[in-house]
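# Per-entry structural report
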Amino acid sequence: DRSYKTLQYAELIGFGKSRAFRCLWALEELGIPYQHIPVKPHSEEAKQYNPLGKIPILVDEEGFCIFEANASIGYLCDTNSEKNLISTPGTKERGSYEQTMPDLATELDSHSLWINMKHKLMADKFGEIPDVEHARN
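Residues numbered from 1 in each chain as written. Predicted model: local features only at pLDDT ≥ 70, side-chain atom pairs only at ≥ 80, totals over all residues. Heavy atoms only, no water.

So, about the sheet that holds strand E3 (residues 57-60). One open sheet accounts for four strands, arranged E2-E1-E3-E4; its pairing is mixed. Single-partner strands in this sheet number two, and they are strand E2 (34-37) and strand E4 (65-67). Strand-to-strand, the axes of this sheet are offset by a mean angle of 20 degrees, without reference to chain direction. Bridge analysis of strand E1 (residues 10-13) against E3 gives four bridges, and the strand direction is antiparallel. (Pairing = 2+ DSSP bridges. Helix = DSSP H or I, 4+ residues; strand = E, 2+ residues; numbered from the N terminus. Axes fitted to C-alpha atoms, helices over the stretch in contact; angles between N-to-C directions.)

Encoded structure:
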């Protein structure tokens, strides 16, 4: 039996129109109180927590800092396992989860980013796509 502490509070650093959105969604689903600090990647604020300046950055109530959206989501779910949003470590189901998450983050995400960029950079050929207002931060 593996027991983890239950996360009571977190700070999420990164703007909502980035992969930080995934972490914000997980925090909401888990009902964890949090403070969202919207900063851009490679900003001085981001580099205070991650020398590479990559976002999102998750900081727990003890000051533990983790970056990379999928790792942050796994940590959030493991530290709030009673919500059952992620399978138990060491199970086949968890292995399938760990196998699928990188594909979602790379294959599907990169395709979505390309679609977004082609409509921004080549709007004269492909048309423009509207921004999502509530993800603007």
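On to the packing of aromatic side chains. For the coordinates displayed, the defined rule picks out two aromatic pairs. Note on phenylalanine 21 and tryptophan 25: the rings are 6.1 Å apart at their centroids and 55 degrees apart in plane angle, and the pair reads as tilted. Here the residue phenylalanine 21 and the residue tryptophan 25 both occupy positions in helix H1 (residues 20-30), the gap between them amounting to four residues, near one helical turn. Of the residues examined, phenylalanine 21 reaches a relative accessible area of 41% and is grouped as partly exposed. When the ring of phenylalanine 64 is compared with that of tyrosine 75, the centres are 5.2 Å apart and the planes differ by 50 degrees; the resulting orientation is tilted. Here the residue phenylalanine 64 occupies a position in the loop between E3 and E4, and tyrosine 75 occupies one in helix H3 (residues 69-78), the gap between them amounting to 11 residues. Its relative accessible area of 18% is what places tyrosine 75 among the buried residues. Across from the ring centre of phenylalanine 15, 4.6 Å away, lies the NZ or CZ of lysine 40, which sits over that ring. (Phe/Tyr/Trp six-rings, centres within 6.5 Å; stacked < 30°, edge-to-face > 60°. Buried < 20%, exposed > 50% of the residue type's maximum accessible area, 1.4 Å probe, protein only. Lys NZ or Arg CZ within 6 Å of the ring centre and 35° of its normal.)

Below, the discussion takes up the pairing of E2. Every other side chain in a regular strand lies on the same face of the sheet, so the side chains alternate between the two faces. For E1 and E2, the ladder comprises four bridges, and the chain directions are parallel. Of the residues in E2, the one forming a bridge with glutamate 11 is glutamine 35. One crossover worth recording links E1 to the parallel E2 by way of H1, and it is right-handed. (Right-handed = clockwise from strand over helix to strand, strands pointing away.)

Across the chain, the bulk of peptide bonds are trans and the bulk of non-glycine residues have phi less than zero. Of the consecutive residues isoleucine 55 and proline 56, the connecting peptide bond is found in the cis state with omega at 5 degrees. Along the polypeptide, proline 56 turns up in the loop between helix H2 (44-49) and E3. The backbone of histidine 42 shows a phi angle near 65 degrees, a positive value even though the residue is not glycine. Inspection of the secondary structure puts histidine 42 in the loop between E2 and H2. The phi angle at glutamate 68 is positive, at roughly 95 degrees, despite the residue not being glycine. Assignment of secondary structure puts glutamate 68 in the loop between E4 and H3.

Once that is clear, we can look at the nonpolar core. Counting 20 residues, the largest nonpolar core has Leu12, Leu27, Ile32, Leu58, Ile73 and Leu76 as the members making the most contacts within it. Elements with a minimum of two residues in this core: E1, H1, H3 and helix H4 (92-121). Counting residues per element, this core draws most heavily on H1, at six residues. What leucine 76 contacts, discounting residues up to four positions off in sequence, is Leu7, Cys23, Ala26, Leu27, Leu30, Ile32 and Leu58. (Core = buried A, V, L, I, M, F, W, Y, C linked by side-chain atoms within 4.5 Å. Contact = heavy atoms within 4.5 Å.)

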